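Reading the structure
Letter by letter, the chains look like this.
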Amino acid sequence: MTTETGAQVRVAITGAAGRMGRTLVRAIGAHADCILAAAVEHGESPALGADAGILAGVDALGVAVVADLGDVLPGVDVVVDFTTPEATRRHAELCAEAGVAMVVGTTGLGEADEAALAAASQKAAVVTAPNFSVGVNLALRLVRLAAEVLGDTADIEIIEMHHRHKVDAPSGTALRMGEVVAEALDRELEVVAAHGRRGRGDPRAGSAIGFHALRGGDVVGDHSVVFACEGERIEITHKASDRMTFASGAVRAAAWAAVQAPGAYGMEAVLGLD
Ligand code: NAD
């Protein structure tokens, strides 16, 4: 997929020195239709001025890390942002002003951050997903089907595990799994979500959707949805073993977003699952 002129899609990576940023630089190198046009970090980053390719552990790409997305936006078709909620909000404001498409993977977004992304989606395509892996998006489909078939006969608990550096809990993917279950069963997630358990209390409410977040080591991302019924149990599990699965999905989304009309999209739209 290329732009209307047939040129490669020019991608900017924000958070280029981060775990995902460096993986995204490598993923762009592997995608024939995309080219790295800019790499951005925050103003205090030791990575400023470094070559984004060298940072990512590949050959030099001639793209130096800069501190301000606004300076490079005129030469960019899509911004791929895996940073922090505050940075994502700022980048969404800049993209809205410039009418540049975005692919956003940052999790733990607050209301103001979501509002900035909604405003940006009025001006250009904005793809957001708590998880850009194809496998997780398939797992979400299976979770919806299981919830629809099992209905209120199942007690549903969601367990996730991530590396020790992750700061938000539960993960955005676990929350999305909870939303999918709640939608299928006509429940209000904010009302029925039960986060962890400790001490004595009432027995489990039948409508509860439980969340349990494990942190440790270098786990890239494990998610299980447990449907516990009388006499049987179904578990739908996805395990990511390499960040490249998220990065290649996000770059696929970038190539797609570059040629879409303004609007807010999810990974289902990119994958044609809608
Ligand atoms: P990380 O801390 O390794 O990387 C974040 C990077 O953003 C850092 O290099 C940081 O310096 C940079 N940054 C912070 N403020 C910035 C600013 N103002 N401008 C430019 N850069 C800035 O974290 P990570 O593991 O790469 O994860 C980043 C985010 O992506 C997290 O929210 C994580 O949960 C999410 N994530 C999403 C998916 C998905 O598929 N949607 C997958 C993995 C991670």
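Residues numbered from 1 in each chain as written. Predicted model: local features only at pLDDT ≥ 70, side-chain atom pairs only at ≥ 80, totals over all residues. Heavy atoms only, no water.

1. Remarks on the packing of helix 4 (residues 85-98) against helix 5 (residues 111-120)
The condition is simple: Here an axis means a line fitted to C-alpha atoms, over the contact stretch when the element is a helix, while the angle between two N-to-C directions is reported on a 0 to 180 degree scale. Elements are defined by DSSP. Helices are runs of H or I of four residues or more, strands are runs of E of two residues or more, and each kind is numbered from the N terminus. Any angle that falls under 35 degrees is termed roughly parallel, while one over 145 is termed roughly antiparallel, one within 65 to 115 roughly perpendicular, and all others oblique. Handedness of a crossing is defined here by the sense of rotation of the near helix relative to the far one, left-handed for an anticlockwise turn of less than a right angle and right-handed for a clockwise turn. Any two residues whose heavy atoms approach within 4.5 Å at even a single point are treated as in contact. When residue character is reported, Ala, Val, Leu, Ile, Met, Phe, Trp, Tyr, Cys and Pro are called nonpolar, Asp, Glu, Lys and Arg charged, and the others, Gly included, polar.
Following both chains from N to C, one finds helix 4 and helix 5 inclined at 20 degrees, their axes separated by 8 Å at the closest point. Between helix 4 and helix 5, the crossing angle belongs to the class labelled roughly parallel. Here helix 4 runs over helix 5; the crossing is left-handed. When helix 4 is examined against helix 5, the residues Pro85, Thr88, Arg89, Ala92 and Ala96 are found in contact with a partner set consisting of Ala112, Asp113, Ala116, Leu117 and Ala120. Tallied by class, residues from the contact of helix 4 with helix 5 come to seven nonpolar, one polar and two charged.

2. A few points about the sheet that holds strand 5 (residues 101-104)
Whether parallel or antiparallel, the strands of a sheet pair through hydrogen bonds between backbone atoms. Rules: Any two strands are treated as partners once DSSP identifies two or more bridges connecting them.
Pairing within the open sheet is parallel, and its seven strands lie in the order 3-2-1-4-5-6-12. Among the strands making up the open sheet, the edge pair consists of strand 3 (65-66) and strand 12 (263-265). Alignment of strand 6 (residues 125-128) against strand 12, held across three bridges, turns out to be parallel. Bridge pairing links Ala125 to Gly263 in strand 12.

3. Focus: helix 9 (residues 244-257)
Quick reminder of the rule: To estimate how far a helix should extend, the number of its residues minus one is multiplied by 1.5 Å. Note on exposure labels: buried denotes an accessible area under 20% of the residue type's maximum, exposed denotes more than 50%, and partly exposed covers the range between, all computed with a 1.4 Å probe on protein chains only.
The end-to-end C-alpha separation of helix 9 is 19 Å, in line with the 20 Å expected for 14 residues at 1.5 Å each. With 10 of its 14 residues buried, helix 9 lies for the most part within the structure. Buried within helix 9 we find Phe246, Ala247, Gly249, Ala250, Val251, Ala253, Ala254, Ala255, Trp256 and Ala257.

4. Looking at the site of the ligand
Just so we agree on the cut-off: Put simply, a residue is near a molecule or strand once any heavy atom of it comes within 4 Å of that molecule or strand. Here a polar contact is taken to be a pair of N or O atoms separated by no more than 3.5 Å, where protein atoms must pair a possible hydrogen donor with a possible acceptor and residues adjacent in sequence count only if both atoms sit in side chains. The method behind every accessible area is Shrake-Rupley, applied with a 1.4 Å probe, and residues are considered shielded solely by the protein chains displayed.
Inspection of the region around the ligand gives 22 residues, with Arg19, Met20, Glu41, Thr107 and Phe132 positioned closest. Contacts to the ligand include Met20, whose backbone N or O atom sits 2.8 Å from an oxygen atom. Gly105 is positioned with one of its backbone polar atoms (N or O) 3.2 Å from a nitrogen atom of the ligand. Protein coverage of the free-state accessible area of the ligand, which is 870 Å², stands at 79%. Elements with a contribution of two residues or more to the shell around the ligand: helix 1 (19-29) and helix 4. Classifying every residue of the shell around the ligand gives nine nonpolar, 10 polar and three charged.

That's the geometry; what it means functionally is another story.
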